[in-house]
Amino acid sequence: MSDGTKDRKGVPVRLDKVSFSYGGAPLTFDVAFAAAEITAVMGPSGSGKSTLLNLVAGFETPQSGGVLIGGADVAAAPPAMRPVSMVFQENNLFAHLSVEQNVGLGRSPSLRLTETDRADIAGALARTGLAGKEKRLPRELSGGERQRVALARVLVRDRPVLLLDEPFASLGPALRDDMLDLVAGLHAERGMTVLFVTHQPEDARRIGQNVVFLDKGAVAAKGSADDFFAGAGPDVFRRYVGTSTQTAGSRDIARKRT
Amino acid sequence: MRMRHPADPRVTVGIAALAAITLLIGGAFAGLLIEGAHDFSGAWAAFDLYLLRVVRFTLWQAALSTLLSAIPALFVARALSRHPRFFGRAFILQLFAVPLALPAIVAALGILALYGRAGYFAGLFSAIGGQGWPGIYGLSGILVAHVFFNLPLSVRLFLEALQTIQADQWRLASQLGMGARPAFRLIEWPTLRSALPGVAGLAFMLCITSFTIVLTLGGGPAATTLEVGIYQALRFDFDPARAVTLTLLQIALTFIVVLALTRLGANVIGDASLPVAPRRYLSVNRTEVSLNAALIVLALLFVVGPMAATVIAGLGADLGRLAGEATVRQATLTSAVLAFLSALLSVMLSLALTTARRALALSRRADAKTLLEHATDTGAGFVLVVPPIVIGAGWFLLLRHVGDVFAIAPVMVVTVNAVMAMPFALRAVRPAYDAASERHERLCAQLGISGWPRLWLVDWPSLRRPLATAFAFAMALSLGDLGVIALFGSDSVQTLPYLLLSRMGSYRTEDAAGLALLLGLVCLALVLAAGWLGREKVRNV
């Protein structure tokens, strides 16, 4: 099983003139995400970042337009039928189920697991640094470990697209960097297409290859992360980040001094 | 166009539950309408002076009971809130929750044991009055019993309201040197006033639909309410036309009251849980302390009296002989089985409605609620508009053409009580399910967990306790109910309350007292269990 998955690459994700509304002003997305790359989705609160991910995941259904994953329109498919895994900011785990069971649900929604499944689960737990914690309940884990369990489940689910909806926002800076490195590592091994919503420019800078910047329910800018953070980003992005490109620079200096 | 995902099984099950409830209530209405159409002139002729008197008495006793419960409750609640910490406070509040758990017939018996013609206080009252104590049958008995139920309930509801006052307001009040009087006027009264319509409305509602109390403590035609009138028309006078008229009047009356209540924003279903009192910054002077203490003690004595009398009278009965009696054993077994089935059905209906409502609410997103969602939501609470006696009467009339009405007694007791307990069961189950769904819905959708695996792996662990709470509460309600069994009971199908009533009727007071103690204890144990199960929260991540 794991041999086959290693060759499996991420597929392109495209929102084709998608419009959606919660009852207020409509959101319209027309954007493509490169296959097998990490794209940071950024933008002010209420700009539609989570909605964009929910549309790809299938938690929301567009009023018009197409959601294309790997070329196939999945706009009508229920979430479980889409080639997508998503990690939320919280509530990624069932509180009453053990780490192992929570990961196992990624393989079988009724927890009927074969020996191969169990081996894969053990492998995923080892890869995410959770070996020895299989029997624990989520409440016996730290916040970072809980998100590691969610990532382990992503591994056993093995879908070509991974959606991250601010999964590390409630973690401290050092822990967040560890988790980002883990995501980057998993990406290097599996090569899935990653859409990563974050508020932190440093996060996007650390692992993002591309940036899609949303504003007022539409894509305002798009480009490579290097360009964005080299100061060549569009005005809306620079306004959103504020002086943070400078502060990031001055913080680097400060760090060097100490 | 918004695409539709395959139909959620939760909605299908919810529709089935609604259909079952509709069948039960619809069948009763069909019975009433068929009977009314069949004998229209008879139903019309039932509008006589007697009927007018019954309606007047129904409203009069309910109004008086409400007044006598709500007004003293205001002051007792205030007294309790002025003293957030004293020895035994929690115990008093626990005791004030007990009447909620006691079957009405047990309370009625306790009140008779205390204030009746041969009660413990009869000697004292006779000495004071200078003549033989006549006992408290009729209006006075009904009022005492209704106040026994509604005073403690009102106290708890008012106290809950008072506890919503921000601690900062109290800090401010004590900094400004506000005395008891201005504090009441400026801080406590506005809160109490906004809670008053709801509390009074609830008490009024409970009193106009009260059957058992009026049946056991009301005396003769001068003190009869609509519900007892229905029972008498069917069981004694056998005047179906009159029963139809009385029933329709009762429905109209409760409907108006419930409508008024929902307008007032009241909660028609009383709650037994009370949060811990917050810290207060109060200085209470000595006069007030003694006044408050007196108020609390008086209320406590009033509430504890009938309970103590139930226990003492019950222990005085020949419990050993009672336990050996075949009829008692049979009735206990019947009660246990019927109440168990009723609670099971009630919990299943509640779960079906809860999950369907949630599924519908999730799928509509920002759209307006559909009629179906309304039915699974507020619709369920409206079954309270139709008192058990009314449903029973409808089916009684419908089935008497078909065959032996008494043969379906078990079915009626189980189904009617299940539906009656449903609003309470819903209150235990729905918040827990909605909260769990809030956490798990997207995860389940993503991982494709639905149907049985979902119920078993995901929902059951978080619903276990609330379901047990709902079950225990529903079982207690069903166990103590006299409404349906009074209509359908016979020598072949007797429950404990029915047996109790018949022992009272044949003046075997000792036996009745013994049975009341048994019934009261079992119901109390169930409600305590329900409360305990409800309080212990599952820790969440």
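How each quantity is defined
- Starting afresh in each chain, residues are numbered from 1 along the sequence in its written order.
- Written order decides the labels, with chains lettered from A and ligands numbered from 1.
- For a predicted model such as this one, the threshold for reporting local features is a pLDDT of at least 70, and the threshold for listing and counting side-chain atom pairs is 80 or more; totals across whole chains, interfaces and linings nevertheless cover every residue.
- Values reported for side chains reflect all heavy atoms of the structure, with hydrogen atoms and water molecules removed beforehand.
- Runs of E in the DSSP output that reach at least two residues are strands. Runs of H or I that reach at least four are helices, and both are numbered from the N terminus.
- Between the two quantities, the radius of gyration covers C-alpha atoms and the globule rule is 2.2 Å times the number of residues to the power 0.38.
- Relative accessibility under 20% of the residue-type maximum defines a buried residue, over 50% an exposed one, and the middle range a partly exposed one, all with a 1.4 Å probe and only protein chains included.
- A contact between two residues is defined here by any heavy atoms of the two lying within 4.5 Å.
- We get accessible surface area from the Shrake-Rupley algorithm with a probe of 1.4 Å; when it comes to residues, only the shown protein chains can shield them.
- Note: two strands are recorded as paired if DSSP finds a minimum of 2 bridges between them.
- Every axis corresponds to a line fitted to the C-alpha atoms, with the helix fit spanning only the stretch in contact, and the corresponding angles, defined between N-to-C directions, vary from 0 to 180 degrees.
- Crossing handedness is read from the near helix: turned anticlockwise from the far helix by less than a right angle, it gives a left-handed crossing, and turned clockwise, a right-handed one.
- Residue-level confidence of the predictor is what pLDDT reports, using numbers from 0 through 100.
- Working definition: a ring pair exists when centres of Phe, Tyr or Trp rings (six-membered ring for Trp) sit within 6.5 Å. Plane angles under 30 degrees give stacked, over 60 give edge-to-face, the rest tilted.
- Only Lys NZ and Arg CZ are tested; either one counts as a charge over a ring when it is within 6 Å of the ring centre and within 35 degrees of the ring normal.
- Expected helix span is taken as 1.5 Å per residue step, with the number of steps being one fewer than the number of residues.
- Two axes enter the bend calculation: one fitted to the seven residues ending at the residue in question, the other to the seven starting there, and the bend is the angle between them.
- By definition, a salt bridge exists where a carboxyl oxygen of Asp or Glu is found within 4 Å of a side-chain nitrogen of Lys or Arg.
- Between N or O atoms, a polar contact is any pair within 3.5 Å; within protein, one atom must be a potential hydrogen donor and the other a potential acceptor, and residues adjacent in sequence are included only when both atoms are from side chains.

Caption draft 1: Quick peek at the overall build of chain B. Along chain B, the regular secondary structure elements total 22 helices and 0 strands. Since a compact globule built from 541 residues should have a radius of gyration of about 24 Å, the 24 Å found for chain B is in line with a globular shape. Considered along the principal axes of its C-alpha atoms, chain B spans approximately 85 × 75 × 50 Å. Considering chain B as a whole, with its 541 residues, one finds that 54% of them fall into the buried category. Restricting the contact set of chain B to residue pairs at least 6 apart, pairs at least 24 apart contribute 83%. Surface accessibility of chain B: about 24100 Å² in total, with carbon and sulfur atoms responsible for 68%.

Caption draft 2: Region of the structure containing the sheet that holds strand E8 (residues 193–197) of chain A. Residue and element names in this part refer to chain A. The strand order across the open sheet built from 6 strands is E6-E7-E8-E3-E9-E10, with neighbouring strands paired in mixed fashion. If you trace the sheet from one side to the other, it starts and ends with strand E6 (84–87) and strand E10 (218–224), each paired once. When the angles between neighbouring strand axes are averaged without regard to direction, this sheet yields 20°. Pairing between strand E9 (residues 210–215) and E10: 6 bridges, direction antiparallel. What sits directly across from Val211, in E10, is Gly223. Running at roughly 150° to strand E7 (residues 161–165), helix H2 (residues 49–57) makes contact with strand E3 (38–42), E6, E7, E8 and E9 of the sheet.

Caption draft 3: Summary view of the packing of helix H3 (residues 49–82) of chain B against helix H9 (residues 180–208) of chain B. Residues and elements named next belong to chain B. The interhelical angle for the contact between H3 and H9, taken along N-to-C directions, is 145°, at an axis separation of 9 Å. Between H3 and H9 lies a crossing of right-handed hand. Facing Thr58, Leu59, Gln61, Ala62, Ala63, Ser65, Thr66, Ala70, Leu74, Arg78, Ser81 and Arg82 of H3, the residues of H9 in contact are Ala180, Ala183, Phe184, Glu188, Trp189, Leu192, Leu196, Ala200, Ala203, Phe204, Cys207 and Ile208.

Caption draft 4: Inspection of the confidence of the model for chain B at higher detail. Residues and elements named next belong to chain B. Residues at a pLDDT of 70 or more form 92% of chain B, whose mean pLDDT is 83. The secondary structure element of chain B with the lowest average pLDDT is helix H2 (residues 40–45), at 72, and the one with the highest is H3, at 91. Taken together, the chains of this predicted complex give a pTM of 0.79 and an interface ipTM of 0.75.

Caption draft 5: The packing of aromatic side chains, seen in detail. For the structure on display, the rule yields 17 aromatic pairs over all chains. Pairing B:Tyr231 with B:Phe236 gives two aromatic rings, centres 5.7 Å apart and planes at 80°, and the pair type is edge-to-face. Between B:Phe424 and B:Phe473, the aromatic rings sit 5.6 Å apart at their centres with planes inclined by 45°, giving tilted as the arrangement. Note that B:Phe424 is positioned in helix H18 (residues 409–447) and B:Phe473 in helix H19 (residues 451–480), a separation of 49 residues in sequence. A connected cluster of aromatic rings, assembled from ring pairs, spans A:Phe213, A:Phe228, A:Phe229, A:Phe237 and A:Tyr240. The ring of A:Phe59 is capped by B:Arg442, whose NZ or CZ atom sits 5.5 Å from the centre of that ring.

Caption draft 6: How the structure looks around H18(B). Residue and element names in this part refer to chain B. Taking 1.5 Å of rise per residue, 39 residues should cover 57 Å, yet H18 covers just 47 Å from first to last C-alpha, more than 12% shy of that figure. Of all the bends found along H18, the most pronounced is centred on His440 and spans about 50°. Backbone geometry just after H18 places Gly448 at a positive phi near 75°.

Caption draft 7: Looking closely at the sheet that holds strand E5 (residues 72–73) of chain A. All names here are of chain A. Strand order across the open sheet formed by 4 strands is E2-E1-E4-E5, with antiparallel pairing between neighbours. Of all strands in the sheet, those bounded by a partner on one side alone are strand E2 (27–33) and E5. Relative to strand E4 (residues 64–69), strand E1 (residues 13–20) is paired through 5 bridges, and the arrangement is antiparallel. For Arg14, the partnering residue across the bridge sits in E4 and is Leu68. Lying over the sheet, H2 contacts E1, E2 and E4, oriented at roughly 110° with respect to E1.

Caption draft 8: Spatial organisation of the interface of chain A and chain B. Each partner contributes to the interface: chain A provides 35 residues, whereas chain B provides 22 residues. For the pair chain A and chain B, the interface holds 0 salt bridges. Linking chain A with chain B are 5 residue pairs in polar contact (both at pLDDT 80 or more). Of all the secondary structure elements, the ones that give two or more residues to the side of chain A that touches chain B are E6 and helix H5 (143–157) of chain A.

Caption draft 9: Up close: the pattern of salt bridges. Residue and element names in this part refer to chain B. Tallied over the full model, the rule gives 31 salt bridges over all chains. With a closest N to O distance of 2.4 Å, Arg400 and Glu35 form a salt bridge. Residue Arg400 is located in the loop between helix H17 (388–399) and H18, and its partner Glu35 is located in helix H1 (residues 9–38); the two are separated by 365 residues in the primary sequence. Overall, Arg400 belongs to the partly exposed group, its relative accessible area being 25%. Assessed through its relative accessible area of 4%, Glu35 is described here as buried. With a closest N to O distance of 3.0 Å, Glu441 and Arg454 form a salt bridge. Note that Glu441 is positioned in helix H18 and Arg454 in helix H19, a separation of 13 residues in sequence.

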